[in-house]
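# Coordinate analysis (summary)
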Amino acid sequence: MAPTAVTPVSPPSPTLDSTSKLTKAGTENTIAKTVSNTAPAVAELDASKCTITPTLNPKRVPAPNSPEVWSQGYTSDHMLTARWTEKSGWESPEIRPYGPLSIMPTASVLHYATECFEGMKAYRGDDGKVRLFRPDRNAKRFLQSATRIALPGFAPEEFLKLLKRFVGFEASKWISEPGHFIYIRPTMIATAPALGVQKPREALLYIMMVMFPALDEPTAVPTSPSSGTQMGQEAKGAKGMRLLASNHDMIRAWPGGFGSAKVGANYGPSLVAQGEARERGYNQILWLFGEECYVTEAGGSNFFVLWINESGKKELVTAPLGDGVILEGVTRASVLDLVRRSRPDVEVVERKFTMEELIKAEKEGRLLEGFGAGTAFFIAPVADIHFRGTDVVFPLGKGGDAEFAMGIKKDLKDVMYGRASHEWGVVVPEEKVY
Ligand SMILES: *Cc1c(COP(=O)(O)O)cnc(C)c1O
């Protein structure tokens, strides 16, 4: 064989087998294959085909901080749905009255956790405009999560168009005042009515909007005892989030698992630990990994520590993405970008770090701040971490402040509410329908 006939093969990656569908690289591979399929045999997701059926029973908008808002179950009037089948592909998306879905008890999602989701917010700015925060990142992650659990692919841009259309349709009624926001939950489930353990043949993509309390506000005190994800610390008089470190026998995610995908399967098994944390007066579990007790993330938020490192430099540290143990948060990425650009006095590192390092830093007076970062709880400064008999207390937990975290929070809020013009804040055109 002439040497030119040999197809060059790139050397195998030492850590990732690109033929595996399960690694991050594998997921990217699957997405690339789907996208490069130039002559699709079935219909693609197409936002231009979206139809609208307005509700005949418009709901009342509950007051901010009311029990209905704290229930985290009060939705806007409509939902967006799009059905997919293996045979025909994506059907025309619909915006229609919010209501129950009809699926068979044999549906794959009810047995095999074939579900993924996104969490985002739409904000009414001081200038009266409605914005999403870096929604392209959510669209891309939604596709990655779907691909990881064998749900159908779609063009992220089409999903984004649909999302904007839906937000633009509901915004004038549901986020009517500057400073108001609403939580958006895009979801995909496998609906095929068959118990065979196989790639789903039918799926449903849907988006709903849920009234949400400002979980990060000190004034946010639940008026309902049944409130779902209350922070609770205000009621107890403490300042800042309290974290309970996970035990050896509770692991959220592991290398080669699915902790980096936003799938429901990550959450159900965490609820026992979460419930225990609440009972003991903590807000969230801080998930540790391995014998070394690596610090990974906190509940549905990524976790950051600001400290003086061993070489005497001010450093912001957070767990790395490489091994797939944590979720790549949009807020996390934004905090990293922001600090790298605007705080030359702070070194930013994504690396593994342990509870032992935190304890040592506290003992040596080098521990400055800790905070959770995610869409739901936004930037939530941490007061203390309980770790198997030891309390690691941040200055905030001893009556100090969290100036750094609060500065980041303000900068991000300025983008969300249009106080600072920035490409991360994406304006959504509105349809005046109500
Ligand atoms: C959604 C989520 C986050 C935060 O991601 P954002 O995009 O910042 O909202 C962090 N960890 C987990 C496990 C999550 O599910």
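Residues numbered from 1 in each chain as written. Predicted model: local features only at pLDDT ≥ 70, side-chain atom pairs only at ≥ 80, totals over all residues. Heavy atoms only, no water.

### A closer look at the overall build of the chain
Let me state the cut-off plainly: A helix here means a DSSP run of H or I that spans at least four residues, while a strand means a run of E at least two residues long, and both kinds are numbered starting from the N terminus. Only protein chains enter the accessibility calculation, which uses a 1.4 Å probe; a residue whose area is less than 20% of its type maximum is buried, one above 50% is exposed, and one in between is partly exposed. Any pair of residues with heavy atoms lying within 4.5 Å of one another is described as a contacting pair. Note on areas: Shrake-Rupley, 1.4 Å probe, and residue coverage restricted to the protein chains presented here.
A count of helices and strands for the chain gives 9 helices and 19 strands. Taken across its 434 residues, the chain has 49% of its residues classed as buried. Counted over contacts in the chain with a minimum sequence separation of 6, partners at least 24 positions apart contribute 72%. As displayed, the chain has an accessible area near 20,200 Å², and 56% of this comes from carbon and sulfur atoms.

### Side note on the environment of Arg343
Among the structural elements, Arg343 can be located in the loop between helix 7 (330-342) and strand 15 (347-350). With relative accessibility at 27%, the residue Arg343 sits in the partly exposed group. In contact with Arg343, other than residues within four places in its own chain, are Lys314, Leu338 and Phe404.

### Digging into the packing of helix 7 against helix 9 (residues 403-416)
The packing of two helices is summarised by the inter-axis angle and the distance between the axes. The test is simple: In this analysis, axes come from line fits to C-alpha atoms, helices being fitted only over the stretch in contact, and the angle between any two N-to-C directions falls in the range 0 to 180 degrees. Should an angle fall under 35 degrees it is taken as roughly parallel, and over 145 as roughly antiparallel, whereas 65 to 115 is taken as roughly perpendicular and any remaining angle as oblique. Gly counts as polar in this scheme, as do all residues outside two lists: the nonpolar Ala, Val, Leu, Ile, Met, Phe, Trp, Tyr, Cys and Pro, and the charged Asp, Glu, Lys and Arg.
The N-to-C vectors of helix 7 and helix 9 enclose an angle of 105°; their axes lie 11 Å apart at closest approach. Considering the angle they form, helix 7 stands roughly perpendicular to helix 9. The residues of helix 9 that touch helix 7, namely those facing Thr331, Ser334, Val335, Leu338 and Val339, are Phe404, Ile408, Asp411 and Leu412. For the contact of helix 7 with helix 9, the class distribution of residues is 6 nonpolar, 2 polar and 1 charged.

### Quick notes on the site of the ligand
How we decide: We call a residue near a molecule or strand when any one of its heavy atoms sits within 4 Å of it. For this analysis, a polar contact is any N or O atom pair within 3.5 Å, provided that within protein one partner can donate a hydrogen and the other can accept it, and provided that sequence-adjacent residues contribute only side-chain to side-chain pairs.
Within the structure, the ligand sits among 15 residues, and Lys262, Tyr267, Glu297, Thr331 and Thr375 are positioned closest to it. A distance of 2.4 Å separates an oxygen atom of the ligand from a polar atom in the side chain of Tyr267. Thr331 places a polar side-chain atom, nitrogen or oxygen, 2.6 Å from an oxygen atom of the ligand. When contributions to the shell around the ligand are tallied by element, the ones reaching two or more residues are strand 13 (301-308) and helix 7. Residues of the shell around the ligand, tallied by class, amount to 3 nonpolar, 8 polar and 4 charged.

### So, a nonpolar patch on the surface
The cut-off we apply is this: Patch definition: residues with relative accessible area over 30% and no salt bridge; like charges joined within 9 Å; nonpolar side chains (Val, Leu, Ile, Met, Phe, Trp, Tyr) joined within 5 Å. A pair is scored as a salt bridge if a Lys or Arg side-chain nitrogen falls within 4 Å of a carboxyl oxygen belonging to Asp or Glu.
A grouping of Leu101, Ile103 and Leu110 is seen on the molecular surface, where their side chains present a nonpolar patch of about 230 Å² in accessible area. Inspection of the secondary structure puts Leu101 in the loop between strand 4 (94-97) and helix 3 (109-112).

### Details of the UniProt feature "modified residue: N6-(pyridoxal phosphate)lysine" (unreviewed entry) in the chain
Definition in use: UniProt positions are given in the numbering used here, feature names are shortened, and annotations may be inferred rather than shown by experiment.
UniProt records the feature "modified residue: N6-(pyridoxal phosphate)lysine" (unreviewed entry) for Lys262 in the present numbering. Mapping Lys262 onto the fold places it in the loop between strand 10 (241-245) and helix 6 (271-279). The exposure class of Lys262 is buried, given its relative accessible area of 11%. Excluding its chain neighbours within four sequence positions, the residues that come into contact with Lys262 are Cys116, Phe117, Glu118, Gly119, Arg141, Ser145, Tyr267 and Leu327.

### A closer look at helix 7
Applied cut-off: One less than the number of residues in a helix, times 1.5 Å, gives the span that helix is expected to have.
Between its first and last C-alpha atoms helix 7 spans 18 Å; for 13 residues at 1.5 Å apiece the expected length is 18 Å, and the two agree. Inspection of helix 7 places Val330, Thr331, Arg332, Ala333, Ser334, Val335, Leu336, Leu338 and Val339 among the buried residues, and these make up the whole buried set.

### Some words on the environment of Gly425
Tracing the chain through its elements places Gly425 in strand 19 (residues 425-428). Sequence separation of Gly425 and Arg131 is 294 residues, and the distance between their C-alpha atoms is 5.8 Å.

### Thoughts on the pattern of salt bridges
Tallied over the full model, the rule gives 29 salt bridges. Of the charged contacts in the structure, one is a salt bridge between Arg201 and Glu86, with a shortest N-O distance of 3.1 Å. In this pair, Arg201 sits in the loop between strand 8 (181-190) and strand 9 (202-210) while Glu86 sits in the loop between strand 2 (78-85) and strand 3 (89-90), placing the two residues 115 residues apart along the sequence. Given a relative accessible area of 43%, Arg201 falls into the partly exposed group.

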